[in-house]
Amino acid sequence: MEPFMPQLVYIEPKALDYPLGRELKDKFENLGVEIRETTSHNQVRGIPGDNEFQQYRNAKSTLVVGLRRTLKFDTSKPSAEYAIPLATGCMGHCHYCYLQTTLGSKPYIRTYVNLEDIFEQADKYMKEREPEITRFEAACTSDIVGIDHLTHSLKKTIEFMGEKDFGQLRFVTKYHHVDHLLDAKHNGRTRFRFSVNSRYVIKNFEPGTSSFDERLEAARKVANADYPLGFIVAPIYMHEDWQEGYFELFERLYNSLKGVNVDNLTFELIQHRFTKPAKKVIAKRYPKTKLEMDETKRKYKWGRYGIGKYVYKDEEANDIETTIKRYIHEFFPQAEVQYFT
Ligand code: SF4
C-alpha cells in the first residue's frame, strides 16, 4: 500500500511559528496539495462531502497542522504511564477502531508541530518519577507511524527518548512505512510494535491499512535495526474457526521471523470490545460490517467516563487468553506476554 498523502491540508497560522509547521507548509505547497487556513484545529470547517458519510471519508484524508495546546498528558494503562500527544486521527478504516467514538465529529488527522513544548512536558513527567522509568505511548490517538513519513515527529521523539535515562517510548502500527525510522538513534529505548491479527480480521475489518505481509517485512527491518520488537494482537475476535485463524497467524509470524533476533520480544493481547455509542457510529459509517456487536452475547464492564464496554463473557475470555498464550509459548517460548485485557 502507498504511504498516506492528504488530499486537503489545513494549517493554523500559529503553526507557522514553528520550524515543523513551516516545513510542512512548504512540503504540501510543492506537492500541489490544496492548503487552507484554519483558526484552530478544533474548528476545522468545510471538509467537502454532500453528506456525513462522504465527509467522514474525506476527513480521513485531511491533515490539520496545528499546535497541541493541552499539555497535560493522558494516562495510558496498561502499556505505559502516559500518552505522548504527537497526532490525533488516522487514515485507516478499521471498523472496530475506538477513534470512531473518541474523535466524534472530528475524524480528520491532526499533527502537532510544537514538539519542543511536548518534549518539555515529557521531561517534567520523567523528573517526577525518577528513578522509576516512565513509559510513553505514542499511538494512543493515532497510528503515528502511518503519517510519520510526512512529519518525522515520531523520529524526533524516538531520538529525544534515546537520550533519556528514565524514559521509554512505545507505539504500535498497522503500517509498514518504517524506512526513515531505521537509522533513528533509539538506543534501545523505544519498543516498536506491530498490530497483527488473523486473516479473517485483517480482511474484513482493517481496510486502508498495510497487509499482514507488509507489516511483517517492516517488523523484520525494525528488529534488524535493533529496536526492541513487540506485537499487539488486537482485537482478538471470536470469528468462525478463530482458533485455526490465530494459530495460522503465529505460524506465519514464526516463519517470517526466522533468522531475526527476537530475544527481547513482547506480546500484548486485547480482546474485542465495543461500547454502545461505538456500535451506533460503526453501523452508520460501515453499514455492511460483519463485526458482531450483540450486547446479549457479551459481558458489561464499567469503563472510563461512565461509558461501559462489552467484552467477551468470562468463559470465552479465558478461552481466548489460554489459547493465544499457548500459541505464543509454542512458537516464541522466550517472549514475554505483557498483559491480556
Ligand atoms: Fe484505528 Fe489503528 Fe485502524 Fe488507524 S490503523 S483506523 S488508529 S485501528
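Above this note sits the structure.
The shown structure was predicted, so the numbers you read here are calculated from the model rather than taken from an experiment.

A. Representation of the pattern of salt bridges within the structure. In total, this model carries 23 salt bridges according to the counting rule given. Note that E81 is salt-bridged to R129, the shortest N-O span being 3.9 Å. Within this pair, whereas E81 is found in strand 5 (residues 80-83), its partner R129 is found in helix 4 (residues 115-129), the two being separated by 48 residues in sequence. With a relative accessible area of 26%, R129 lands in the partly exposed category. Within the structure, one salt-bridge network assembled from shared partners comprises K77, E81, R129 and R135.

B. Just the site of the ligand, in detail. If you check the shell around the ligand, you find C90, G92, C94, C97, L99, D143, K174 and T209 and nothing else. The class makeup of the residues in the shell around the ligand is four nonpolar, two polar and two charged.

C. Expanded view of the layout of surface pockets. Of the volumes computed, that of the second largest pocket is approximately 320 Å³. Along the walls of the second largest pocket sit 14 residues, with E52, Y56, S105, P107 and R285 positioned nearest its centre. Ranked by the residues each element gives to the lining of the second largest pocket, the list is headed by helix 2 (residues 52-59), at five residues. Partitioned by chemical class, the residues of the lining of the second largest pocket number seven nonpolar, four polar and three charged.

D. Representation of empty space enclosed by the protein in the model. Counted under the stated rule, the structure contains one cavity of 30 Å³ or more. What the largest cavity holds in volume is close to 70 Å³. Lining the largest cavity we find 14 residues, and of these Y56, K60, L99, Q100 and R285 sit closest to its centre.

E. Up close: unusual backbone geometry. Residue P78 follows K77 across a cis peptide bond; omega there is 0 degrees. Cis peptide bonds are those with omega within 30 degrees of zero, and the linkage from E130 to P131 qualifies with 0 degrees. Tracing the backbone through its elements, the reader meets P131 in the loop between helix 4 and strand 8 (134-137). Positive phi outside glycine occurs at D226, with the angle close to 65 degrees.

F. Molecular detail of helix 9 (residues 242-256). Along its 15 residues, helix 9 runs 21 Å from first to last C-alpha, staying within 8% of the 21 Å computed at 1.5 Å per residue. Taken together, the buried positions of helix 9 are occupied by W242, G245, Y246, L249, F250, R252, L253 and S256. Seen along its axis, helix 9 keeps its buried residues to an arc of 160 degrees; they face one direction. At its buried positions, helix 9 is contacted by strand 10 (190-196), helix 7 (199-205), helix 8 (212-224), strand 11 (229-236), strand 12 (265-271) and helix 11 (314-331).

G. Examining the environment of Y305 more closely. Position of Y305 among the secondary structure elements: in the loop between strand 14 (298-301) and strand 15 (309-312). What makes Y305 exposed here is its relative accessible area of 67%. A C-alpha to C-alpha distance of 37 Å links Y305 and A184, two positions 121 residues apart in sequence.

H. Summary view of helix 8. Across its 13 residues, helix 8 extends 18 Å between first and last C-alpha, which sits within 8% of the 18 Å expected from 1.5 Å per residue. Those residues of helix 8 that fall on the buried side of the exposure criterion are F212, R215, L216, A218, A219, V222 and A223. Looking straight down helix 8, one finds its buried side chains confined to an arc of 160 degrees; they lie on one side. Two residues or fewer past helix 8, D226 is found with a positive phi of approximately 65 degrees.

I. Structural context of the pairing of strand 15. Summarising the sheet, strand 13 (residues 274-275) and strand 15 pair through two bridges and their orientation is antiparallel. Pairing of T275 across the sheet is with K309, part of strand 15. For strand 14 and strand 15, the ladder comprises four bridges, and the chain directions are antiparallel. When the sheet's bridge partners are listed, K299 is paired in strand 15 with V311.

Definitions and limits used
Residues numbered from 1 in each chain as written. Predicted model: local features only at pLDDT ≥ 70, side-chain atom pairs only at ≥ 80, totals over all residues. Heavy atoms only, no water. Salt bridge = Lys/Arg side-chain N within 4 Å of Asp/Glu carboxyl O. Helix = DSSP H or I, 4+ residues; strand = E, 2+ residues; numbered from the N terminus. Buried < 20%, exposed > 50% of the residue type's maximum accessible area, 1.4 Å probe, protein only. Near = heavy atom within 4 Å. Nonpolar A, V, L, I, M, F, W, Y, C, P; charged D, E, K, R; others polar. 1 Å grid on protein atoms, 1.4 Å probe; cavity = no way out; pocket = protein on both sides within 12 Å on 5 of 7 lines; lining within 4 Å. Points joined across faces, edges and corners; volume = space filled by probe spheres on them. Expected span 1.5 Å × (residues − 1). Arc of directions from axis to C-beta. Contact = heavy atoms within 4.5 Å. Pairing = 2+ DSSP bridges.

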